[in-house]
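# Structural characterization, general
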Amino acid sequence: MRATRSSRKLPARRLGALALAAAAAMIVAGCSSSSSSTSSSSASSSSSATSSADASNTSLAPFEAALAAGYKGTSVAPPATSPAPKKNVTAWIISCGQSAPGCSYVVAGAVQAATALGWKTRVFDGQFGANGLYNTGIREAIAAHASVILPVGIDCDQARPAYLAARAAGIALVSVNSYDCNSPLINDGSPVFNAGMEYNAQTPTPAEFSQNLGKLQADWLIVHSGGKAQVVDFNLTAVTGLQEEQVGFNNELAKCSGCKLLAQVSVSPPDEANGVAAKVFASTLTKYPQATAIWTSDDSLIDAADIPEAVASAGRLSTLQVLGIQGFAANLALIRENRGQSLAVAYDPYRFGWAAMDEANRVLNGQPAVPEGIGIQIIDATHNLPPAGQNYTDQVNYKADYEKAWSAG
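Quick summary incoming for the structure in this document. (Residues numbered from 1 in each chain as written. Predicted model: local features only at pLDDT ≥ 70, side-chain atom pairs only at ≥ 80, totals over all residues. Heavy atoms only, no water.)

### Section: the sheet that holds strand β3 (residues 120-125)
To keep things clear, this is the line we draw: Only strands that DSSP links by at least two bridges are regarded as paired with each other. Every helix listed is a DSSP run of H or I at least four residues long, and every strand listed is a run of E at least two residues long, numbered separately from the N terminus.
Taken in spatial order, the 5 strands make up an open sheet running β3-β2-β4-β5-β6, and their pairing is parallel. Whereas interior strands pair on both sides, the edge strands pair on one side only; in this sheet they are β3 and β6 (195-196). Pairing between strand β2 (residues 90-95) and β3: 6 bridges, direction parallel. Bridged to Thr90 within β3 is Lys120.

### Examining the pattern of salt bridges
In plain terms, the rule: Salt bridge, as applied in this entry: a Lys or Arg side-chain nitrogen positioned within 4 Å of an Asp or Glu carboxyl oxygen. Think of it in three bands: residues with accessible area under 20% of the maximum for their type are buried, residues over 50% are exposed, and the middle band is partly exposed, with areas taken using a 1.4 Å probe on protein chains only.
Taken as a whole and judged by the stated rule, the model has 6 salt bridges. Between Glu252 and Lys215 there is a salt bridge, with its nearest N and O atoms 3.6 Å apart. Residue Glu252 is found in helix α7 (residues 240-253), and its partner Lys215 is found in helix α6 (residues 206-224); the two are separated by 37 residues along the sequence. Given a relative accessible area of 26%, Lys215 falls into the partly exposed group. Linking Glu252 and Lys255 is a salt bridge whose minimum nitrogen-to-oxygen distance equals 3.0 Å. You can call Glu252 buried: its relative accessible area is 6%. On the basis of relative accessibility, which here comes to 55%, the residue Lys255 falls in the exposed class. Salt bridges here are not isolated pairs; linked through shared partners, they connect Lys215, Asp219, Glu252 and Lys255.

### Quick word on the pairing of strand β5 (residues 172-175)
Inclusion rule: Note on handedness: a crossover is taken as right-handed if, strands pointing away from the viewer, the path from the first strand over the helix to the second is clockwise.
Of the two faces of β5, the one carrying Ala172 and Val174 and the one carrying Leu173 and Ser175 are both buried. Pairing between strand β4 (residues 148-152) and β5: 2 bridges, direction parallel. Residue Ile149 lies in a different strand from β5, and its bridge partner there is Leu173. Once you follow β4 into helix α5 (residues 160-168) and on to β5, the crossover reads as right-handed. Sheet topology note: the β5/β6 ladder contains 2 bridges and is parallel. Looking across to β6, one finds that Val174 is bridged to Ala195.

### Overview of the side chain of Ser75
Note the following rule: Whenever two N or O atoms come within 3.5 Å, that pair is a polar contact, provided that in protein one can donate a hydrogen and the other can accept it, and provided that, for residues adjacent in sequence, both atoms are side-chain atoms.
Mapped onto the elements of the fold, Ser75 is located in the loop between α2 (61-72) and β2. By relative accessible area, which is 13% here, Ser75 ends up buried. Within the local environment of Ser75, its side chain forms a polar contact with the backbone nitrogen of Gly375, the two atoms lying 3.2 Å apart. Among the polar contacts made by the side chain of Ser75, one reaches the side chain of Asp394 at a distance of 2.9 Å.

### Things to note about the packing of helix α3 (residues 101-117) against helix α13 (residues 349-364)
Operational definition: Axis definition: a line fit to C-alpha positions, over the contact stretch in the case of helices; interaxial angles, taken between N-to-C directions, run 0 to 180 degrees. Roughly parallel means an angle under 35 degrees; roughly antiparallel means over 145; roughly perpendicular covers 65 to 115; every other angle is labelled oblique. Here is the rule for handedness: rotate from the far helix to the near one, and if that takes an anticlockwise turn smaller than a right angle the crossing is left-handed, while a clockwise turn gives right-handed. By the convention used here, residues are in contact when the closest approach between their heavy atoms is within 4.5 Å. For this classification, Asp, Glu, Lys and Arg are treated as charged, while Ala, Val, Leu, Ile, Met, Phe, Trp, Tyr, Cys and Pro are nonpolar and the rest, including Gly, are polar.
Where α3 meets α13, the closest approach of the two axes is 6 Å, and the angle between their N-to-C directions is 45°. When the interaxial angle is binned, α3 and α13 end up oblique. The two elements α3 and α13 meet at a crossing, and its hand is right-handed. Across the interface between the two elements, Tyr105, Val106, Ala108, Gly109, Ala110, Gln112, Ala113, Ala114, Ala116 and Leu117 from α3 touch Pro349, Tyr350, Phe352, Gly353, Trp354, Met357 and Asn361 from α13. When its residues are assigned to classes, the contact of α3 with α13 shows 13 nonpolar, 4 polar and no charged.

### Section: the environment of Glu272
Mapped onto the elements, Glu272 comes out in helix α8 (residues 269-274). Accessibility expressed as a relative area gives 0% for Glu272, which makes it buried. Sequence separation of Glu272 and Leu236 is 36 residues, and the distance between their C-alpha atoms is 9.0 Å.

### So, the pairing of β2
With 5 of 6 residues buried, β2 lies mostly within the body of the structure. This β-α-β element, β2 to α3 to β3, shows right-handed connectivity. One ladder, built from 5 bridges, connects β2 with β4; its direction is parallel. Note that in β4 the partner of Ile93 across the bridge is Leu150.

Here it is, written out as structure tokens:
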């Protein structure tokens, strides 16, 4: 799915320019950028043809049903059975960037799971691809005769030569939140991964999982606006997972006849670090006084673009709904305290790491990948907020479930 770039620190929030610039939206569906997308270091905007017909033409019932399911949460237990852990395994985990929680939390979960499997691990920090480090890390794993390589949030087109070298060396590649070369937004040849982590039976692929995140944002907004949302879409260019979230949101919003997408405003990943994103958002807020909602692809962009500060300064905390994805503790505090974020469609990144290691064990045992039961849950001011200071954690005791399945295998 997507590698996220930062967690919020108040008042000085950024983890550093590189993390904010390059680790875009992994944890659900790829932190990496698509070669088929056009990056823009300055903002671009476009109008939408979404209908603004009277809201009475839209029945809220299907959106309310989807919202109720999102509040309940969609996580289920991992597979009840699994092959016995393969012996003498060294798993190399290539991280999209360890300074970003969306990368490092997944990696931490994977290391925990590998320990439970009795495996050795090596973690290589890809530092968001700077100086070709994605390829470097994979090639070091090949030289070290890794048993399996797990790229976290690194799409096929970002390290294709090294991926092909790993396949030629007979080393298994199990992708985690990474898009393969045959993904429509990548479109760079045949698949290179032996298997990808399957999130769940309903949305198994990174694209499907990411689109569902965006869809649920739209469901929440349609219901809470009474079918009259006036939306500004504020997003990053050239990030595969975020593009898929945008597709999911826009497709669902289009079903609301009384809703309108006022504009799509884009900034590039470097704009998060150099202050441009904050300036662009502030200008956008002034340009669209009629907006009732801001769609963003993740909590990290809310942070980097100073969206809560801008909304508060404009006196619009009570009239503007800000939609996020992830569920980091500081963003949940914004929701709890009505300080500039209204919603998070949340998931547990540590569970991604455990699920990926289960898939790796299956591949090494000659078995196919299976749905891992990973789900999401909608959090707002009156639903599902964890205790103050805590990130969102999965509803399921998945660690115990995996350990039981592995010990019985």
